[in-house]
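One-letter residues, chain by chain:
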Amino acid sequence: MTGFSEQLRADSRADWDAAARHRFVDEIFRGAVADDVMRRYLVQDYQFIDRFVALIGAAIATADRFESRVRFAQFAAMITSDENTYFLRAFDKLGVPPEQRLAPRLTAPTRAFQDLMAEAARAGSYVGCLAVLGVAEWLYLDWADRPDATLPDDFVHAEWITLHNNDGFRAFVTWLRGELDRAGAAADEQSRARAAGLFRRAVACERDFFDHVYDDAA
Ligand SMILES: Cc1ncc(CN)c(N)n1
């Protein structure tokens, strides 16, 4: 029988594939994302990450067992250390000023994504938190996982790929999908339907997020 995670992805196939095969993905593997596009992407993504860590906190609070809380706490530690320092080094390299790092003007897709994560956190449902976290990490593994690809020279491009295709990340996404399958199977119909809605909206947000960094650039 197909698990909940696979069913949800199948329901969002068009947006999922558009995001996972986005122009940004093709360009980052070629080391060809223009600096102004990369700057716009990372500045907005840093604001995404802020709410994303808060959503991990909600998953820790709503999880139904200690081992799940431990796994999420370890993942939050990685984001707030290795991934955070990547952003800071990339901002230095790209010349991003302090106000753009801390309080940039949010674009509509960033705000929509933040609102979705806040909504999932507030609802206090573990399966709902998993739906949004699952999209964010599974979709990123999907685009980044090209074992035969040569990495670009610039660390700003290369590390954004390796943060999302290393063995630890792959194992975490496998676990996260299993967790979504498990919580989905245990949930009542109403919670499953709410989680499905969050998943669908999160996939659409991922697509819009990639699209919008090219809005002023094309
Ligand atoms: C928009 C977005 N989605 C997902 C990820 C992967 N953590 C991210 N950094 N940014």
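Everything numeric here is computed off the predicted structure, so don't read it as measured data.

What counts and what doesn't
Residues numbered from 1 in each chain as written. Predicted model: local features only at pLDDT ≥ 70, side-chain atom pairs only at ≥ 80, totals over all residues. UniProt positions renumbered as here; feature names shortened; annotations may be inferred. Helix = DSSP H or I, 4+ residues; strand = E, 2+ residues; numbered from the N terminus. Near = placed C-beta within 6 Å. Nonpolar A, V, L, I, M, F, W, Y, C, P; charged D, E, K, R; others polar. Axes fitted to C-alpha atoms, helices over the stretch in contact; angles between N-to-C directions. Left-handed = near helix turned anticlockwise from the far one by under 90°. Contact = placed C-beta atoms within 7 Å.

> Go over the UniProt feature "domain: Thiaminase-2/PQQC" (unreviewed entry) in the chain with me, naming the residues and quoting the values.
With numbering aligned to this structure, UniProt lists the feature "domain: Thiaminase-2/PQQC" (unreviewed entry) at residues 13-215. What you have in residues 13-215 is 81% helix and 0% strand, and the ends, taken at the C-alpha atoms, are 24 Å apart.

> Describe the site of the ligand, and please don't skip the residues or the numbers.
Around the ligand, the surrounding shell consists of Asp45, Phe48, Ala136, Glu137, Tyr140, Glu206 and Phe209. Breaking the shell around the ligand down by element, the ones donating at least two residues are helix H4 (35-62), helix H8 (126-144) and helix H11 (189-212). Among the elements that take part in the shell around the ligand, H8 stands out by supplying 3 residues, more than any other. In the shell around the ligand, the residues fall into 4 nonpolar, no polar and 3 charged.

> Tell me about the packing of H8 against helix H10 (residues 167-186), and please be specific about residues and values.
Closest axis-to-axis distance for the H8/H10 pair is 9 Å, and the angle between their directions is 145 degrees. Pair H8 / H10 crosses with left-handed handedness. Contacts between H8 and H10 involve Tyr126, Val127, Leu130, Ala131, Leu133, Gly134, Glu137, Trp138 and Leu141 from the first element and Phe169, Arg170, Phe172, Val173, Leu176, Arg177, Glu179, Leu180, Ala183 and Gly184 from the second. A class-by-class count of the residues in the contact of H8 with H10 yields 13 nonpolar, 2 polar and 4 charged.

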